[in-house]
Amino acid sequence: MAGFVVWRKGGGGGAAAAAASCVRSGVSAYSQVPSVARHLHVTMVASAAAAGRSASSISQQDMVIDRQKTAAVLNPKEAPPEKVVPPDKIGNQKKRSSSSSSKFLLLGKSEEELQDLAAAHGERKYRGRQLHQLIYKNKAKEIQDCAQLPKLFRDSLETAGWSIGRAPIHHVATSSDGTAKILLQLVDDRLVETVGIPVEETPGANRLTACVSSQVGCPLKCTFCATGKGGFFRSLKPHEIVEQVLAIEEMFNHRVTNVVFMGMGEPMLNLTNVLAALRVLNQDLHIGQRMMTISTVGVPNTIARLATHKLQSTLAISLHAPNQLLRSQIVPSAKAYPLEALMEDCSHYFKTTGRRLSFEYTLLEGINDQKHHAEELANLLHHWELGRHVNIIPYNPVADSEFRRPRKQAILEFVETLAARRVTASVRQTRGLDANAACGQLRNEFQKVPIRIPSGPSA
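Residues numbered from 1 in each chain as written. Predicted model: local features only at pLDDT ≥ 70, side-chain atom pairs only at ≥ 80, totals over all residues. Heavy atoms only, no water.

Side note on a nonpolar patch on the surface
Nonpolar side chains collect at one region of the surface, where I169, V172 and M251 lie side by side and expose about 200 Å² of accessible area between them. Examined against the element boundaries, M251 turns out to sit in helix α10 (residues 238-252). Given the relative accessible area of 34%, M251 is considered partly exposed. (Patch = residues over 30% accessible without salt bridge, like charges linked within 9 Å, V, L, I, M, F, W, Y side chains within 5 Å. Areas by Shrake-Rupley, 256 points an atom, 1.4 Å probe, with all protein chains shown as cover. Salt bridge = Lys/Arg side-chain N within 4 Å of Asp/Glu carboxyl O. Helix = DSSP H or I, 4+ residues; strand = E, 2+ residues; numbered from the N terminus. Buried < 20%, exposed > 50% of the residue type's maximum accessible area, 1.4 Å probe, protein only.)

Now the structure itself:
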């Protein structure tokens with residue numbers, strides 16, 4: 001989070017001393033700074049702004065995942081070294097944002113932070129409001145695209161190492177039902193998926209859901225999931241999560257109304273950045289907290305930590321099995337985070353926040369889709385007094401997978417069995433089957449290793 005730079009009048013030692021004083025201090029006064037100091041020391045000022053923290057920023061200390069405990073559960077294979085495109089090779093890549101060589105990113109900054117950044121560069125604060133609108137409403141991709149801003153301000157930002165931080169689109173797959181999957185190419189050439197799902201609820205009232213990723217790949221390696229088959233590389237930064245929503249809004253020329261963290265990766269393993277992105281989506285893109293859902297298969301200690309933030313967003317638990325034995329076969333991380341411990345944490349979350357959880361259950365033919373599985377699931381939820389809603393997800397076929405999608409009759413019988421035991425269940429409408437819409441499918445077509453940089457001379 002960017003912080004605030006203080007300019008003090010009469011700091012002693014002329015313009016250079018005034019600039020140095022302003023970098024060291026933490027309060028604000030902008031109007032009486034000599035212009036020579038504003039422009040001569042703009043890089044120093046911008047660096048201080050980037051390093052500071054605003055009062056509204058999320059406490060990272062409160063949300064740091066206990067890496068040792070998490071590693072004991074997940075034991076993910078270390079990611080290969082990140083490979084960044086050298087500046088002299090960029091000409092051979094698809095057009096990308098200049099953020100690959102930038103120190104600081106504007107995407108993810110709040111309106112207040114951008115106002116303070118503008119003031120730190122010798123501009124009036126309203127320029128920060130203009131910049132905020134250009135980034136989040138107009139979807140500007142480069143600072144020089146912001147023609148409404150003075151050229152001196154644009155040049156000053158770029159000189160100080162700022163860029164907007166947008167990512168280019170690598171590939172788009174569309175489905176006959178309107179679903180679109182976007183493959184974004186990140187600065188290190190990793191690919192990440194996001195899906196736009198349009199729904200016409202009533203004539204003239206459309207809902208657009210963004211299914212966003214929180215990591216490049218996933219270390220949990222659930223047996224039925226395409227994302228895990230593609231390997232795990234790293235967690236996404238807040239701006240890379242926000243970027244996905246902006247890309248969907250641009251593609252559909254429609255405001256995103258709902259966001260679900262159900263794409264690639266495990267959100268709870270990237271909790272700090274997920275919460276930072278959620279703040280931007282809520283406060284800067286004006287998507288209501290109740291319109292956002294965080295989905296998790298379960299990571300020790302993180303549900304209790306999330307509860308302390310008292311979010312109005314929905315927490316969705318990916319169960320996929322009604323007992324520990326079966327769940328540990330489908331979800332490897334369940335071996336170290338037993339079902340009983342997960343349900344106990346869910347109960348604590350409900351009691352702490354007053355927010356009911358939803359449960360996700362992927363139906364796999366002949367594995368977890370029998371009537372006795374539904375009965376056992378209902379008993380489990382009632383035992384923990386959490387049996388309000390189950391979201392049934394018929395398996396989305398994945399290449400080279402031994403799992404199959406259940407027959408329609410089996411799906412209906414499963415739902416009816418739950419209903420007979422006072423558990424409400426809905427079947428998620430399958431979208432984008434012809435667009436490889438299951439998590440990780442499209443990405444796996446294009447990248448299981450980083451995109452190779454051409455070895456020949458740049459164009």
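Text resumes after the structure shown.
With respect to the pairing of strand β4 (residues 180-185)
Taken across its 6 residues, β4 has 6 buried, putting it largely inside the fold. By the bridge criterion, 5 bridges tie strand β3 (residues 169-174) to β4 in an arrangement that is antiparallel. Across the sheet, A173 pairs through a bridge with K181, a residue of β4. Connecting the antiparallel pair β3 and β4 is a turn made up of 5 residues, with G178 showing a positive phi of about 100°. (Pairing = 2+ DSSP bridges.)

Topic: the sheet that holds β4
With mixed pairing, the 10 strands of this open sheet are ordered in space as β3-β4-β5-β6-β9-β10-β11-β12-β13-β14. The two strands at the open ends of the sheet, each matched to only one other strand, are β3 and β14 (424-427). In this sheet, neighbouring strand axes are inclined to one another by 25° on average, regardless of whether the strands run parallel or antiparallel. Across 6 bridges, the pairing between β4 and strand β5 (residues 191-202) is antiparallel. When the bridges of β5 are listed, Q185 appears paired with L191. (Axes fitted to C-alpha atoms, helices over the stretch in contact; angles between N-to-C directions.)

Digging into the pattern of salt bridges
Where charged atoms from two side chains of opposite charge come close, those side chains can pair. Summed over the entire model, instances satisfying the criterion amount to 13 salt bridges. The salt bridge involving K139 is made with E249; its shortest N-O contact spans 3.1 Å. Here E249 lies in helix α10 and K139 lies in the loop between α7 (126-136) and α8 (151-159), a separation of 110 residues in the sequence. Classification of E249 by relative accessible area gives buried; the value is 8%. When the shortest N-O distance is used, the salt bridge between E375 and R421 registers 3.1 Å. Within this pair, whereas E375 is found in helix α15 (residues 371-383), its partner R421 is found in the loop between α16 (408-420) and β14, the two being separated by 46 residues in sequence. Its relative accessible area of 30% is what places R421 among the partly exposed residues. Because the salt bridges share partners, they merge into one network encompassing K141, R166, E243 and E250.

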